[in-house]
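# Geometric and topological summary
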Amino acid sequence: MTSFRFSGLKAITVCAALSMTAGFAFAGDGNVSAAQILNALQPKPVMRGLSADPKAAQADPAAKAKETSFLQGLRNRKTRSLSLSEREQIAEIATTKPNIDLEINFDYNSASISTASMPSVKALGEALSDAKLKGSTFVVAGHTDGIGGDAYNQNLSERRAETIKRYLVEKYALANGDLVAVGYGKTKL
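In what follows, the accompanying structure is described. One numbering rule holds for all chains: residues counted from 1, following each sequence as written. Per-residue local features of the predicted model are confined to residues with pLDDT of at least 70, and side-chain atom pairs are confined, for both listing and counting, to 80 or more; whole-chain, interface and lining totals are unaffected and use all residues. To obtain the side-chain values, all non-hydrogen atoms of the structure were used and water was disregarded.

### Some words on the nonpolar core
Residues Ile37, Leu128, Ile164 and Leu168 are the most contacted members of the largest nonpolar core, which totals 28 residues. The set of elements that each furnish at least two residues to this core consists of α1 (34-41), β4 (99-103), α5 (118-128), β5 (136-142), α6 (150-172) and β6 (179-183). Of all the elements, α5 adds the most residues to this core, at 6 residues. Other than its neighbours up to four places away in sequence, Leu128 contacts Leu41, Leu133, Phe138, Leu168, Leu174 and Leu179. We define the nonpolar core as a collection of buried residues of types Ala, Val, Leu, Ile, Met, Phe, Trp, Tyr and Cys that are connected through side-chain atoms lying within 4.5 Å of one another. Whether a residue is buried, partly exposed or exposed follows from its accessible area with a 1.4 Å probe, protein chains only, as a fraction of its type maximum: under 20%, in between, or over 50%, in that order. Grouped together as the second largest cluster of nonpolar side chains are 12 residues, Phe70, Ala91, Val180 and Val182 included. Put simply, DSSP H or I for four residues or longer makes a helix, DSSP E for two residues or longer makes a strand, and each gets a number counted from the N terminus. Contacts were defined at the residue level, with two residues in contact if any of their heavy atoms lie within 4.5 Å.

### Re helix α4 (residues 84-94)
Among the residues of α4, Glu86, Arg87, Ile90, Ala91, Ile93 and Ala94 are the ones counted as buried. When α4 is viewed along its axis, its buried side chains cluster within an angular range of 165° and face the same direction. Exposed and facing more than 90 degrees away from the buried side of α4 are Leu84, Ser85 and Glu92. Comment: arc refers to directions from the helix axis out to C-beta atoms.

### Here's the deal with the pattern of salt bridges
Any two side chains of opposite charge can pair, so long as their charged atoms come close to each other. Salt bridges are counted wherever a side-chain nitrogen of Lys or Arg sits within 4 Å of a carboxyl oxygen of Asp or Glu. Inspection of every chain in the model, using the stated rule, returns 3 salt bridges. We note a salt bridge from Asp178 to Arg75, for which the minimum N-O separation is 2.8 Å. Placement of the pair is Asp178 in the loop between α6 and β6 and Arg75 in the loop between α3 (61-74) and α4, with a sequence separation of 103 residues. Arg75 gets classed as partly exposed once you look at its relative accessible area, which sits at 24%. Of the charged contacts in the structure, one is a salt bridge between Lys186 and Asp150, with a shortest N-O distance of 3.4 Å. Taken together, the positions of Lys186 in the segment after β6 and Asp150 in helix α6 put the pair 36 residues apart, joining distant regions of the chain. In this structure Asp150 comes out as exposed when scored by relative accessible area, which is 56%.

### A look at the pairing of β5
For β5, a buried count of 7 out of 7 residues is recorded, marking the element as mostly surrounded by other parts of the structure. By the alternation rule, side chains of β5 split into Ser136, Phe138, Val140 and Gly142 and Thr137, Val139 and Ala141, which are all buried. Following DSSP output, two strands are said to pair if at least two bridges run between them. Relative to β6, β5 runs parallel, the two being bridged by 5 bridges. Following the sheet pairing, Phe138 is matched in β6 by Leu179. Of the crossover connections in this fold, the one passing from β5 over α6 to the parallel β6 is right-handed. Crossover handedness is defined here as right-handed if the route from the first strand over the helix to the second strand goes clockwise, with the strands pointing away from the viewer.

### Comments concerning the side chain of Asn153
For Asn153, the location among the structural elements is in helix α6. Here a polar contact means two N or O atoms within 3.5 Å. Within protein one must be a hydrogen donor candidate and the other an acceptor candidate, and residues neighboring in sequence count only if both atoms are side-chain atoms. For Asn153, the side chain forms a polar contact with the main-chain oxygen of Gly148, separated by 3.3 Å. Apart from residues no more than four positions distant in its own chain, Asn153 is found in contact with Thr144, Asp145, Gly146, Ile147, Gly148, Gly185 and Lys186.

Remember, this is a structural readout, not a statement about activity or role.
Structure below.
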């Protein structure tokens, strides 16, 4: 069993990124729709009111610029070229972004998507190719179960994340650079 987290890291301007959070989890039953995925990954509107903390509404421009630069450096990189610190930084950034957890199963000991998980993968492709998400960068984070050694699971999670990325690029004409595939092995479940 493998779980994937898809986070929309949408840049509004060169030095700003959205930081609203919307987390949803769906089991691998194939019942997740493109509309549900789209809703989870769309940035939520900023609510402003008299009781809102003005400091919370204003993010540190230098931090946002650093985050944007880091994410741009990840575009078009191979999953296996990511260092441990880069994977950790991606995970940290993703926690503040709109995301969805999808359970996508693979054939045993392989990076082949199981037939039962294809409806979820197709719904994901439809959602990510929607015009409402244009200009977003998405993290495809792969995880494995706890069986096997750390190195083996790390490699398998990377291969599986790349499989999902490749499928979305080939079948839904998503830009390769708009998807960052990262494997976490059996960590960060």
